[in-house]
4 protein chains.
Amino acid sequence: MNTFGRNFRLTTFGESHGAAVGGVIDGMPPRVKVDMDRVQAELTRRRPGQGALTSGRKEEDIVRILSGISSDGLTLGTPIGFIIENKDARSEDYENLRHVFRPSHADYTYFARYGIRDHRGGGRASARETACRVVGGAFARQVLEARGIRVMAFTRRIGRVEMPDSVDVSPGLVELSAVRCPETVTSEKMVRLIESVRADGDSVGGIAECRISGVAAGVGDPVFGKLDAALAAAMMGIPAAKGVEFGMGFDGCCRLGSETVDEFGSGFRTLSNNSGGIQGGISNGADIVFRVAFKPVATLMRTLRAATDCGGVEELKARGRHDPCVLPRAVPVVEAMAAMTVLDAVMEI
Amino acid sequence: MNTFGRNFRLTTFGESHGAAVGGVIDGMPPRVKVDMDRVQAELTRRRPGQGALTSGRKEEDIVRILSGISSDGLTLGTPIGFIIENKDARSEDYENLRHVFRPSHADYTYFARYGIRDHRGGGRASARETACRVVGGAFARQVLEARGIRVMAFTRRIGRVEMPDSVDVSPGLVELSAVRCPETVTSEKMVRLIESVRADGDSVGGIAECRISGVAAGVGDPVFGKLDAALAAAMMGIPAAKGVEFGMGFDGCCRLGSETVDEFGSGFRTLSNNSGGIQGGISNGADIVFRVAFKPVATLMRTLRAATDCGGVEELKARGRHDPCVLPRAVPVVEAMAAMTVLDAVMEI
Amino acid sequence: MNTFGRNFRLTTFGESHGAAVGGVIDGMPPRVKVDMDRVQAELTRRRPGQGALTSGRKEEDIVRILSGISSDGLTLGTPIGFIIENKDARSEDYENLRHVFRPSHADYTYFARYGIRDHRGGGRASARETACRVVGGAFARQVLEARGIRVMAFTRRIGRVEMPDSVDVSPGLVELSAVRCPETVTSEKMVRLIESVRADGDSVGGIAECRISGVAAGVGDPVFGKLDAALAAAMMGIPAAKGVEFGMGFDGCCRLGSETVDEFGSGFRTLSNNSGGIQGGISNGADIVFRVAFKPVATLMRTLRAATDCGGVEELKARGRHDPCVLPRAVPVVEAMAAMTVLDAVMEI
Amino acid sequence: MNTFGRNFRLTTFGESHGAAVGGVIDGMPPRVKVDMDRVQAELTRRRPGQGALTSGRKEEDIVRILSGISSDGLTLGTPIGFIIENKDARSEDYENLRHVFRPSHADYTYFARYGIRDHRGGGRASARETACRVVGGAFARQVLEARGIRVMAFTRRIGRVEMPDSVDVSPGLVELSAVRCPETVTSEKMVRLIESVRADGDSVGGIAECRISGVAAGVGDPVFGKLDAALAAAMMGIPAAKGVEFGMGFDGCCRLGSETVDEFGSGFRTLSNNSGGIQGGISNGADIVFRVAFKPVATLMRTLRAATDCGGVEELKARGRHDPCVLPRAVPVVEAMAAMTVLDAVMEI
């Protein structure tokens, strides 16, 4: 269950405080000139230690490619093995968790599933694992871009602070913002919210939006292989995700058909995009638009009731280094998962 | 892509106006005494022609089992083949759609995907296909119930009419309601809303909620096989679904960590269930709770701009028999998909 | 585990003495004009009751297609459901097997696997199931032929009677022979051998050969998806198969490299085909050649020591209708499995 | 296609002359105390440079485990990532192959498949990749042994030199032999044969036999998931394999049913084991026995007609370091693939 995808497949491994995380990309098309600097840049976008808003863990997150690329930088069609060493793990910060399960973390559920867990830094459940997804996504993205498909995500909402609908969105604007919100005023409000929440020892959740342009009509498989179902699974597989919605989403579902139907203009183009670019699980040529809700991280700098491994309750105060809000670092992961999902669907055809 | 599941697998076939729909259940545990009356009863819950609120198509929806069950009613561990004949298809109602793609339907996207489509009654994209899912779910549910796991869904919201949070919910109450909303007053409002919408030639969407009880902690697989990711894919695979959320969902994601963390009580029980019963993709022993948003059906009894297969635009007025709101009939499908997903995850362990 | 293939997928169901056998073909390319008479003809080639050399069971084996084909005979890209009714099952012939496991049959192993079995006519383990594979293969073959790929199998050896190497082989000659051996003199010897073996209440095994022409170089996947590995699995999945070999096979493996290396001529053509058309798991453009060994069927008209379901031993004399040699009817099944395997690999590229 | 298995999954990567080969083991049961010295010892059995009979390439083949194992040596249930660095690659030996395809190698077929290949040392098609399978097999074997299942392979035949049937076989005897043939006299003959073949610049093939004991009745899945079909695919996936046979195999298939039927004794034990321990694709409790034919390696120290990448023909004399006979080093790979296949089937139940 550590493999994602059917045609473009990423298999990942690694615990937060183990020797390394890494993975294998299988199904990468051959003869693609990969820009390794861009792969590394994607990884750097996600890495911790980037400022006051993220975890203080300092990881350089240098990806080392072990196979699958020829001496002149072309993919061979064979699997691409890669590793990212873990260099700044402070396992001593987690010593107190050896027999304790943190609330709203996966500590207890991993233990229930396997009868054992790595208690250091979240082990396999740590968001550190998503670094490998970003590598996979960076390869997928380069294939997609050569086909005119672009994937972009951004922070739409943090807590009660939400971006207006009317704003123009571009990757450049997103990267200017410390929280990856392309609208300056909202971005500043979000920064202040996170700072204030962190000062309180609290955390806050939010909503990311993803837009995929350039997907021709006819991508996706009906019934059990729907493109939106695949994207939903990809998004819900990101740590802290609690919901996904497409196009008008939950709000549109409380409306009338006459308010939400996407009538046709000429050339099979729709006059509106309430569907978010997918009908019957298959792309219709419009932009694919969806939103992902991320919960507030459960690591608070407060005393919380945790469980002991004997089933008792214990007061626990978190240590370690944590993000008060996952949104800024979740955005590149949303893009990576979306890129791999769409490439996988494109390769099915 | 017409197979669902990994351990408990349902493969379906069939177009809305073909000879039959049907499927194969593979991975059904052996030596289970299947109550075939209950399987048929589930199917009957979903079938059309049940009243003023649903499509007028009259299908008896009798399932015929062809294999996999011994003469004394026990499963053999071999695949269970089944068919449901299509008896009341009126293909002539769709003759005008031979060269026309309805807006916000899968007509155009199927054509873009395959270069051909069955224009009669939605073809493969018709919700008629979900009858097969209900059969699969009815088998899965009997296995789950023998293990103490119960799956129940209901209509939580239609248009702007929403059920209060505080209401007690039980399968009996759900089935008493024509719209499958367990709260009498809300149910009546919903009925009136649908009637008024239908009278207008319009349609309306809504939200279903699903609750699964009795799942022990430790069900689900981390990283890419998360139980919530699998449930999200299952739900988004239901026709008209546009969003899924777990536990506090989108709303909880706009709150603080201190408002949403599920602290532990004794015996590994959490004091709240904001997570909806899943942490890190694995069940934590609490009820699994999620909601699914269904869009208003796109078949309105009004003139809409459709596309011709040459890329032009044509005024189209719908004929045929349609549901003004899918929620009442979607509820058994949500349950079926949830039951198969959970059984699949349980069988993984 | 009742699904075969990754891109072109056949899922089958059905017991020998149940209501029907059948299946679902998923992944059939769209817009293919299927010749249904040829599908039926393939099925008829495999059916029992065709003469003194096969089982006396009389099955018409009429396939009924339920979905996936448009009214003008084109595939829709959607799954093709089909059933073949069981009409001449004589379950009373198997009443004595309710508590007895026949030697060298799957009676005991199914019971060990599932704790239950259908004792009538071999249940799911019956070769009757292969009728569904022939349907799948008949669809696959039509796709392959449109791409210039032809699959042909024949009986190469029965008991000690073996066809000379030098013989020209053609589908027409194969079908002229009651045992599907294209060489007249050998064919007559084989017929006499089977007759004599049947008269003795005995059975006899043999070897089928399959040749696939027209496969371009570059079909197949390295490492774990090799074309020869996939063909080997497909062949070993046929009832009674006990071995598979490619090109020079076992005999070539006892030789020197200098005797077996396939040197190149111009245009990437090899001067010999000791490899059987596959190098490193990928086709090299030469004919793909392999042989499959089928054991003598274990149903002898003699008294044999069987096991009772309590673990005792009982003398058992077979009843029912059986083939004294599976080769003649195995040939169409070899072709069907080969056709599906090759199409699956071709669709991967 | 670089992933093997369904429940116990090995994904491998790496070219012969790249930075490293490696892989990910997914599905390893949790809480298993892994003896890492034994894992390394298995790898050492396969490594080159072990004497006059194998390639002179000197690789230490030290496996580095990166994840999935707790600090006290227990498996976590999470994926086990590992790498083996390539240290003694001499790519200059292959410079002449940049535009030339060697006969009976995968050079041309990889190029036909991908339009590109790594010409150094066979690239991905090199047997070096099997080092990763041995690591996977070493983990699988430890799980199997804890359940009383033992997997052993040995060299049965090289060229015309074959071991007598009557010989007692044990892992200790196998490892005493430079060619992994447990019978001393035959082993010496094989050594001399390989030495003489090497002196001639030639190579020679042979047959390995594998025996698996301790598998209870009921392992394997009918129809398309047969245990023998899975083992056949696993074996045919080993470089140079050209055939597989079970129990009496090809020879038994040319006999009568009365000579080959495995009658029952008491306790469901069969009085003979002509079937090789599998009936209808499911184990019957007897030893599982099969043989794998390996062709003579195609790298001869002689001038052979190779193909240029323009489709011409060129005289080529091999350089590099090669095994004159793969059997000795294939034996641990056969065991590894068999162990993973059987564990996968056992975990299915």
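Rules and cut-offs
Residues numbered from 1 in each chain as written. Chains lettered and ligands numbered in written order. Predicted model: local features only at pLDDT ≥ 70, side-chain atom pairs only at ≥ 80, totals over all residues. Heavy atoms only, no water. Helix = DSSP H or I, 4+ residues; strand = E, 2+ residues; numbered from the N terminus. Rg over C-alpha atoms; globule rule 2.2 N^0.38 Å. Buried < 20%, exposed > 50% of the residue type's maximum accessible area, 1.4 Å probe, protein only. Contact = heavy atoms within 4.5 Å. Areas by Shrake-Rupley, 256 points an atom, 1.4 Å probe, with all protein chains shown as cover. Lys, Arg positive; Asp, Glu negative; His and termini not counted. Charge placed at Lys NZ, Arg CZ, Asp CG, Glu CD. Least-squares fit on C-alpha atoms with pLDDT ≥ 70 in both. Core = buried A, V, L, I, M, F, W, Y, C linked by side-chain atoms within 4.5 Å. Buried area = accessible area lost by both parts, 1.4 Å probe. Salt bridge = Lys/Arg side-chain N within 4 Å of Asp/Glu carboxyl O. Nonpolar A, V, L, I, M, F, W, Y, C, P; charged D, E, K, R; others polar. Pairing = 2+ DSSP bridges. Polar contact = N/O pair within 3.5 Å; in protein donor to acceptor, adjacent residues only side chain to side chain. Axes fitted to C-alpha atoms, helices over the stretch in contact; angles between N-to-C directions. Parallel < 35°, antiparallel > 145°, perpendicular 65-115°, else oblique. pLDDT = per-residue confidence, 0-100.

## A word on the overall build of chain A
Secondary structure assignment for chain A yields nine helices and 15 strands. Its C-alpha atoms give chain A a radius of gyration of 21 Å, within 12% of the compact-globule value 20 Å for 349 residues. Looking at chain A residue by residue over its 349 residues, the buried ones come to 68%. Across chain A, contacts joining residues at least 24 apart in sequence account for 68% of those joining residues at least 6 apart. Of the roughly 11,100 Å² of accessible surface on chain A, 50% is carried by carbon and sulfur atoms. The averaged location of the 43 negative side-chain charges in chain A is 3 Å from the averaged location of its 44 positive side-chain charges.

## Thoughts on the environment of Ala138(D)
Along the chain, Ala138(D) falls in helix α3 (residues 130-146). Each C-alpha atom, one on Ala138(D) and one on Glu335(D), is 9.0 Å from the other, the two residues being 197 residues apart in sequence.

## Concerning the relation of the copies chain B and chain A
The two copies are related by a screw operation: chain B maps onto chain A through 180° of rotation and 0.0 Å of translation along the axis, at an RMSD of 0.0 Å. The superposition operator between the copies reduces to a two-fold rotation axis. Taken as a fraction of all interface residues of chain B, those also at the interface in chain A reach 100%, which identifies the copy contact as same-surface.

## Focus: the nonpolar core
Among the nonpolar cores identified, the biggest contains 177 residues, and Phe290(A), Phe294(A) and Phe290(B) are the most heavily contacted of them. The contacts of Phe290(A), once residues within four sequence positions are left out, are Ala208(A), Glu209(A), Cys210(A), Ile212(A), Leu231(A), Met235(A), Val244(A), Glu245(A), Phe246(A), Val334(A) and Ala338(A). Counting 166 residues, the second-largest nonpolar core is a separate cluster that includes Leu43(C), Ile212(C), Val21(D) and Val143(D).

## Section: the interface of chain B and chain A
Taken residue by residue, the interface counts 102 residues in chain B and 102 residues in chain A. Interface area, chain B with chain A, both sides summed: about 8,000 Å², of which 64% is carbon and sulfur. Contact with chain A buries area across many residues of chain B, yet Met1(B), Phe224(B) and Phe264(B) alone supply 11% of it, more than any other trio. Run the count over chain B and chain A and you get four salt bridges. Among the ionic pairs, Arg305(A) bridges to Glu263(B), the shortest N-O distance being 3.3 Å. Counting residues per element, the side of chain B that touches chain A draws most heavily on helix α2 (residues 107-114) of chain B, which supplies six residues. Considered class by class, the residues forming the side of chain B that touches chain A number 48 nonpolar, 30 polar and 24 charged. Of the pairings in the sheet, the one linking strand β10 (residues 241-246) of chain A to strand β10 (residues 241-246) of chain B comprises three bridges and is antiparallel in character.

## Notes on helix α1 (residues 36-46) of chain B
Residues and elements named next belong to chain B. Inspection of α1 places Val39, Gln40, Glu42, Leu43, Arg45 and Arg46 among the buried residues, and these make up the whole buried set. Elements that come into contact with the buried residues of α1 comprise β4 (63-65), β5 (80-85), α3 (130-146), α4 (171-176) and α9 (327-348). For α1, the N-terminal capping position is held by Asp35, with its side-chain oxygen 3.0 Å away from the main-chain nitrogen of Asp37.

## A short note on the interface of chain C and chain D
Taken residue by residue, the interface counts 102 residues in chain C and 102 residues in chain D. Surface buried jointly by chain C and chain D totals about 8,000 Å² across both partners, of which 64% is contributed by carbon and sulfur atoms. Among the elements that make up the side of chain C that touches chain D, the one with the highest residue count is helix α2 (residues 107-114) of chain C (six residues).

## Some remarks on the pairing of strand β7 (residues 150-158) of chain B
Residue and element names in this part refer to chain B. With eight of its nine residues buried, β7 lies for the most part within the structure. Sheet topology places β7 next to strand β9 (residues 206-213); eight bridges connect them, and they run antiparallel. Across the sheet, Ala153 pairs through a bridge with Cys210, a residue of β9. Both β7 and strand β8 (residues 161-162) contribute to a ladder of two bridges, which runs antiparallel. Pairing of Ile158 across the sheet is with Val161, part of β8. Between β7 and β8, which pair antiparallel and follow one another directly, the connecting turn spans two residues, one of which, Gly159, has a positive phi of 55°.

## Section: the sheet that holds strand β14 (residues 303-308) of chain A
A sheet is described by the order of its strands in space; here three strands give the open sequence β6-β14-β15 (chain A), paired in antiparallel fashion. Because the sheet does not close on itself, it has two edges, and the strands there are β6 (100-101) and β15 (313-317) of chain A.

## Side note on the packing of helix α1 (residues 36-46) of chain A against helix α9 (residues 327-348) of chain A
All names here are of chain A. Packing of α1 against α9 brings their axes to within 8 Å, and their N-to-C directions diverge by 140°. Between α1 and α9, the crossing angle belongs to the class labelled oblique. In this structure, α1 contributes Glu42, Arg45 and Arg46 to the contact, and α9 contributes Arg329, Val331, Pro332, Val333 and Glu335. When grouped by side-chain class, the residues that make up the contact of α1 with α9 number three nonpolar, no polar and five charged.

## Observations regarding the confidence of the model for chain A
Mean pLDDT for chain A: 94, with 98% of residues reaching 70 or above. Among the scores for the predicted complex, ipTM is 0.97 and pTM is 0.97.

## Quick look at the relation of the copies chain C and chain D
One copy of the chain maps onto the second through a rotation around an axis plus a translation along that axis. Mapping chain C onto chain D leaves a residual RMSD of 0.0 Å; the transformation is a rotation of 180° accompanied by 0.0 Å of translation along its axis. When the interface residues of chain C are mapped onto chain D, 100% of them are again interface residues, pointing to one common binding face.

## So, the pairing of β15(A)
Residue and element names in this part refer to chain A. Across five bridges, β14 lies against β15 in antiparallel orientation. Bridging across to β15, Ala306 finds its partner in Glu314. Hairpin connection between β14 and β15: a loop of four residues separates the two successive antiparallel strands, and Gly311 in this loop has a positive phi of roughly 95°.

## Some words on the sheet that holds strand β13 (residues 288-294) of chain B
What the 10 strands build is an open sheet, ordered β8(A)-β7(A)-β9(A)-β13(A)-β10(A)-β10(B)-β13(B)-β9(B)-β7(B)-β8(B); its pairing is antiparallel. At either end of the open sheet lies a strand with only one pairing partner, and these are β8 (161-162) of chain A together with β8 of chain B.

## Observations regarding unusual backbone geometry
You will see that Val223(B), though not glycine, has its phi angle at about 65°, which is positive. The phi torsion at Ala240(C) lies on the positive side, around 80°, for a residue other than glycine. Tracing the backbone through its elements, the reader meets Ala240(C) in the loop between α6 (227-236) and β10 (241-246).

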